[in-house]
Amino acid sequence: MSPRPPADSFARPFEVAIVGNDAVLAALPSRTMQLAHALHACGFDLVVPVSWGEELVAREVLGIMAARDASPAIFCACPLQRARLLAAGSELASFLITLASPMVAAARYIRTLHRAVPLRITAIGGCPGLEDPAIDFSISALELHPLLDARGVVVADQAEVFESVIPPDRRRYFSLPGGCPTPRMLEMRVPDRRLVTITDVAFADELGDVLLGGENGLVDLSPRLACTCCGGFV
């Protein structure tokens with residue numbers, strides 16, 4: 001649950017930052033909590049992880065998979081991945097489970113929680129799937145640290161534990177980074193399915209084998225295509 005905005009925040013937009021996994025990696029060796037403190041020091045009222053959106057995406061995928069027939073499916077929550085898979089034609093379109101990016105899912109969720117509150121939501125990370133009215137601004141992981149430096153905020157100097165704010169829940173249950181359901185969740189919710197993760201450079205050959213073989217699996221190409229929600233950089 002998102003912390004309720006304080007009463008005095010209604011006089012201005014309540015500033016929310018959604019932090020992508022690539023932004024967390026870019027902050028290393030500083031800890032995630034230090035990055036959150038740094039963003040609070042920059043003026044953000046609420047700092048949440050993109051895992052909020054990944055959990056929502058994964059739950060939606062599980063529901064879709066449970067309703068599909070026993071045929072291969074490809075998880076796709078990235079517009080660049082979709083464009084690459086369909087670049088040569090529409091043959092793979094029927095296999096795709098296309099959803100909003102985890103960043104967008106998180107932003108929509110926060111706006112749903114606080115319908116009556118004027119929000120300004122900034123996505124921090126290189127996710128290409130941010131074209132949505134729920135997101136007001138975006139900052140890439142590579143742009144973040146120059147911005148912090150310009151404001152005199154040093155991530156490494158921040159506290160390593162939360163002291164003055166209640167940290168949003170960062171635990172995962174349904175999702176892998178990027179929003180695909182975990183193998184265990186597939187086993188529990190859709191026991192006749194298995195997760196197929198493709199990482200080979202020649203991914204097209206392996207993907208073709210899975211699809212032509214009619215295997216009842218969910219294919220996740222996100223790690224292979226360097227999805228930023230998986231921690232990759234674009």
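Okay, so let's go over this structure. Note that this is a predicted model, so its numbers are computed, not measured. In this numbering scheme, every chain counts its residues from 1 along its sequence in written order. Restriction of local features to residues with pLDDT of at least 70 applies here, the model being predicted, together with a cutoff of 80 or more for giving and counting side-chain atom pairs; totals for whole chains, interfaces and linings are based on all residues. Side-chain measures were taken over the full set of non-hydrogen atoms in the model, leaving aside hydrogen atoms and water.

Between buried and exposed lies partly exposed: a residue is buried under 20% and exposed over 50% of the maximum accessible area for its type, with that area taken using a 1.4 Å probe on protein chains only. Strands are runs of DSSP state E lasting at least two residues, helices are runs of H or I lasting at least four, and both sets are numbered from the N terminus onward. Burial analysis of strand E5 (residues 119-124) places 5 of its 6 residues in the buried class, which makes it a mostly covered element. Two strands pair under a simple rule: DSSP has to find at least two bridges between them. Bridge count between E5 and strand E6 (residues 137-139): 3 bridges; the pairing is parallel. Residue pairing in the sheet places Ile 124 in a bridge with Ile 139 of E6.

What follows is about the packing of helix H3 (residues 51-67) against helix H5 (residues 102-113). Interaxial distance between H3 and H5 falls to 7 Å at its minimum, and their mutual angle equals 100°. For the element pair H3 / H5, the angle class is roughly perpendicular. The residues of H5 that touch H3, namely those facing Trp 52, Gly 53, Glu 54, Leu 56 and Val 57, are Pro 102, Ala 105, Ala 106, Tyr 109 and Ile 110. Only Asp, Glu, Lys and Arg are considered charged in this grouping, and only Ala, Val, Leu, Ile, Met, Phe, Trp, Tyr, Cys and Pro are considered nonpolar; every other residue, Gly among them, is considered polar. Here the contact of H3 with H5 is built from residues that sort into 8 nonpolar, 1 polar and 1 charged. Axis definition: a line fit to C-alpha positions, over the contact stretch in the case of helices; interaxial angles, taken between N-to-C directions, run 0 to 180 degrees. By the definition adopted for this analysis, an angle is roughly parallel if under 35 degrees, roughly antiparallel if over 145, roughly perpendicular if from 65 to 115, and oblique otherwise. Contact definition: two residues touch when any of their heavy atoms are within 4.5 Å.

Another point: the pattern of salt bridges. Throughout this description, the term salt bridge denotes a Lys or Arg side-chain nitrogen within 4 Å of a carboxyl oxygen of Asp or Glu. Summed over the entire model, instances satisfying the criterion amount to 6 salt bridges. One salt bridge connects Arg 12 with Asp 45, and the closest N-O pair in it is separated by 2.7 Å. In this pair, Arg 12 sits in the segment before strand E1 (14-19) while Asp 45 sits in the loop between helix H2 (32-41) and strand E2 (46-49), placing the two residues 33 residues apart along the sequence. Overall, the relative accessible area of 25% leaves Asp 45 in the partly exposed class. Note that Arg 120 and Glu 15 form a salt bridge whose closest N and O atoms lie 2.3 Å from each other.

Turning our eyes to something else, we now look at the side chain of Ser 222. Structurally, the position occupied by Ser 222 is in the segment after strand E8 (217-220). A relative accessible area of 3% places Ser 222 in the buried class. Polar side-chain contacts of Ser 222 include one of 2.8 Å to the side chain of Asp 220. The residues touching Ser 222, leaving out its near neighbours within four places in the chain, are Phe 75, Gln 81, Cys 227 and Cys 230. Polar contacts, as used here, are pairs of N or O atoms within 3.5 Å; protein pairs need one atom able to donate a hydrogen and one able to accept it. Residues neighboring in sequence count only if both atoms are side-chain atoms.

With parallel pairing, the 4 strands of this open sheet are ordered in space as E2-E1-E5-E6. Looking at the sheet topology across the chains shown, the edges are occupied by E2 and E6. For this sheet the average axis-to-axis angle between neighbouring strands, irrespective of direction, equals 25°. Along the sheet face, H5 touches E1, E2 and E5 and points at about 160° away from the line of E5.

Before going further, it helps to spend a moment on unusual backbone geometry. Residue Leu 28 is joined to Pro 29 through a cis peptide bond whose omega torsion reads 10°. Residue position: Pro 29 is located in the loop between helix H1 (21-26) and H2.

Side-chain atoms within 4.5 Å link the members of a nonpolar core, which is a set of buried Ala, Val, Leu, Ile, Met, Phe, Trp, Tyr and Cys residues. Val 16, Ile 18, Met 103, Ile 110, Leu 119, Ile 121 and Ile 135 are the most contacted members of the largest nonpolar core, which totals 22 residues. Elements represented by at least two residues in this core include exactly E1, E2, H5 and E5. Looking at this core, the element that brings in the most residues is H5, giving 5 residues. In contact with Ile 135, not counting residues within four places along its chain, are Met 103, Val 104, Ala 107, Ile 121, Ala 123 and Leu 130.

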